[in-house]
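Structural overview for review
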Amino acid sequence: MKKKFLMTATVPSMIGQFNMENIKLLLEMDYEVHVACNFEDRSVWTEERVSEFKKQLTNMGVKKIQIEYARTPYDIPKLVRSYSELKKLIQREKYTCLHCHTPVAGMIARLAAKGTETKVIYTAHGFHFYKGAPLQNWLLYYPVEKWLSRYTDVLITINKEDYQRAKKKFHAKETKYIPGVGIDVEKIQAVQVDRAKKRAELGIGEGDFLMLSVGELSKRKNHQIVIEALAKLKDKKIKYIICGQGPLKDKLEQLAEKLGVKDQLFLLGFRTDVIEICKSSDLFVFPSLQEGLPVALMEAMSCKTVVVCSKVRGNVDLIQNDTYLFEPFDIPDITRKLEFSVQNVQKSNCIVHQNYIRIKKNSYINVSIKMRDIYCQTSR
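For the structure given in this document, a descriptive report is provided here.

Each value, and the rule that gives it
Here the residue numbering is sequential within each chain, running from 1 through the sequence in written order. Only residues with pLDDT of at least 70 are given local features in this predicted model, and only at 80 or more are side-chain atom pairs given and counted; all residues enter the totals for whole chains, interfaces and linings. Remark: hydrogens and water are excluded; side-chain values derive from all non-hydrogen atoms of the structure. Buried means the residue's accessible area, taken with a 1.4 Å probe over protein chains only, is under 20% of the maximum for its type, while exposed means over 50%, and partly exposed covers the values in between. Helix and strand definitions here come from DSSP, where helices need a minimum of 4 consecutive H or I residues and strands a minimum of 2 consecutive E residues; each element is numbered from the N-terminal end. At least two bridges found by DSSP between two strands is the condition for calling them paired. Here a crossover is taken to be right-handed if, once the strands point away from the viewer, the path from the first strand over the helix to the second is traced clockwise. Geometry is summarised by axes, namely lines fitted to C-alpha atoms with helices restricted to the contacting stretch, and by angles between N-to-C directions that run from 0 to 180 degrees. If an angle is under 35 degrees, it is roughly parallel; if it is over 145, roughly antiparallel; if it lies from 65 to 115, roughly perpendicular; otherwise it is oblique. Each helix crossing is assigned a hand: it is left-handed if the near helix lies turned anticlockwise from the far helix by less than a right angle, otherwise right-handed if that turn is clockwise. Contacts are residue-level and defined by heavy atoms, with any inter-residue pair within 4.5 Å sufficient. Just so you know the grouping, Ala, Val, Leu, Ile, Met, Phe, Trp, Tyr, Cys and Pro go in nonpolar, Asp, Glu, Lys and Arg go in charged, and all remaining residues, Gly too, go in polar. Pairing of aromatic side chains here covers Phe, Tyr and the six-membered ring of Trp, requires ring centres within 6.5 Å, and sorts the geometry by plane angle: under 30 degrees stacked, over 60 edge-to-face, intermediate tilted. Either the NZ atom of lysine or the CZ atom of arginine qualifies as a charge over a ring when it sits within 6 Å of the ring centre and within 35 degrees of the ring normal.

Considerations on the pairing of strand β11 (residues 283-286)
- Side chains of β11 alternate between two faces, with L283 and V285 and F284 and F286 buried alike.
- Note: strand β8 (residues 209-214) against β11, 2 bridges, orientation parallel. Bridged to L212 within β11 is F284.
- Where β11 and strand β12 (residues 307-310) come together, 3 bridges link them in parallel fashion. Pairing of F284 across the sheet is with V307, part of β12.
- For the crossover that starts at β11, traverses helix α13 (residues 295-302) and ends in the parallel β12, the hand is right-handed.

Some details on the packing of helix α2 (residues 20-28) against helix α17 (residues 364-378)
- The N-to-C vectors of α2 and α17 enclose an angle of 55 degrees; their axes lie 10 Å apart at closest approach. In terms of orientation, α2 lies oblique with respect to α17. Judged by the twist between their axes, the crossing of α2 over α17 is right-handed. Residues E21, N22, L25, L26 and E28 of α2 lie in contact with α17, whose contacting residues are Y364, S368, M371, R372 and Y375.
- Among the residues forming the contact of α2 with α17, the class breakdown is 5 nonpolar, 2 polar and 3 charged.

A word on the packing of aromatic side chains
- According to the stated counting rule, one finds 15 aromatic pairs in the structure shown.
- When the ring of F127 is compared with that of F129, the centres are 4.7 Å apart and the planes differ by 10 degrees; the resulting orientation is stacked. F129 carries the same exposure label as F127, and that label is buried.
- Joined through ring pairs, the aromatic side chains of F127, F129, W138, Y142 and F170 make up one cluster.
- Sitting over the face of the ring of Y356, K304 holds its NZ or CZ atom 4.4 Å from the ring centroid.

Some thoughts on the sheet that holds β8
- Spatial ordering of the open sheet is given by β10-β9-β8-β11-β12-β13, a layout of 6 strands whose pairing is parallel. Of all the strands in the sheet, the pair left with one neighbour each is β10 (265-269) and β13 (325-326).
- Across 2 bridges, the pairing between β12 and β13 is parallel. Within the sheet, the bridge partner assigned to S310 lies in β13 and is F326.
- Sheet strands touched by helix α11 (residues 249-259): β9 (238-243) and β10. Its angle to β10, the strand with the most contacts, is close to 165 degrees.

Comments concerning the sheet that holds strand β2 (residues 32-37)
- Sheet architecture is open: 7 strands sit in the order β3-β2-β1-β4-β5-β6-β7, paired in parallel fashion. A single partner strand is all that each edge strand has here, and the edge strands are β3 (63-66) and β7 (174-177). Sheet twist, expressed as the average angle between the axes of neighbouring strands with direction ignored, equals 20 degrees.
- Note: strand β1 (residues 4-8) against β2, 5 bridges, orientation parallel. Directly across from M7, in β2, lies its bridge partner V35.

Worth remembering: the numbers are spatial, not functional.
Shown next as structure tokens:
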């Protein structure tokens, strides 16, 4: 009989975007793999995308399990219900190991597995407490994560700040540093795009300078600071595309209209051709307030696109040249960095090459080797 392995997260997008390679690896290792999440909570995905993901899991032979996780730690009824459902599931299926993701699912899974023989791996995709985080984040999340680390066989961190803090302060049996979830650098490089045709398709003129951001339209992604900087640059040839959807769409459009750059802003929503758009762009801008180790930024580096990003945890693991880093609340700083990049894009070949060489250590191959070792050691 095959050993059973449970992968769990609050929402399906966390599994689909960041864990499919782990699932493929577990299947190769001859595990029976189950995925538990709240398939009714679409998060950043469309209903169609969730439906495609569910079919993909079925075709792979992965069992899908609906757990009605809450999105926040304040929804007590859902927390209690999801704990009860997951506890019964673990006791019934007798999993050899489970790998949990996201703070709420990570909390519930570790508590539910307590007292069972199921080993627990938890990946922190960026703790909510970090240098510069709001005090309330430290008061709520830090003590909870520190306490739950006692019930964690392997705690995986994906950036150096989190790793150093967890290694020093927490109580997991093992704490590991893995450079992200892995990206397919070679596949991204192999993508062919007719740059002129793609830009025309997007409504970008031949002489325009195209900036691209990728990410949810949310406060955390901080897109508004780029729009404010765009207004200060006073160059109508600069166009700004954002791929992503989210609750701040109307506010971003209103801000652009107020600042006189409405015709320069393009909100494209969810896209399946982000790599093609990135390869057709002159600059990738990533202004987040908080990151773990961002896949979108790694993809841009793999595209050999010039990158300017905020100087925050995760981003600084990837981009280490201050010329291309800005303080996330400092509008004059980002304006200077964008202006420099616009004026010196042809001189950036050296830094683009350096970024590409650096990002290869984050490839699927390197990450999979490390994850295979963790899965093998934990399931013994």
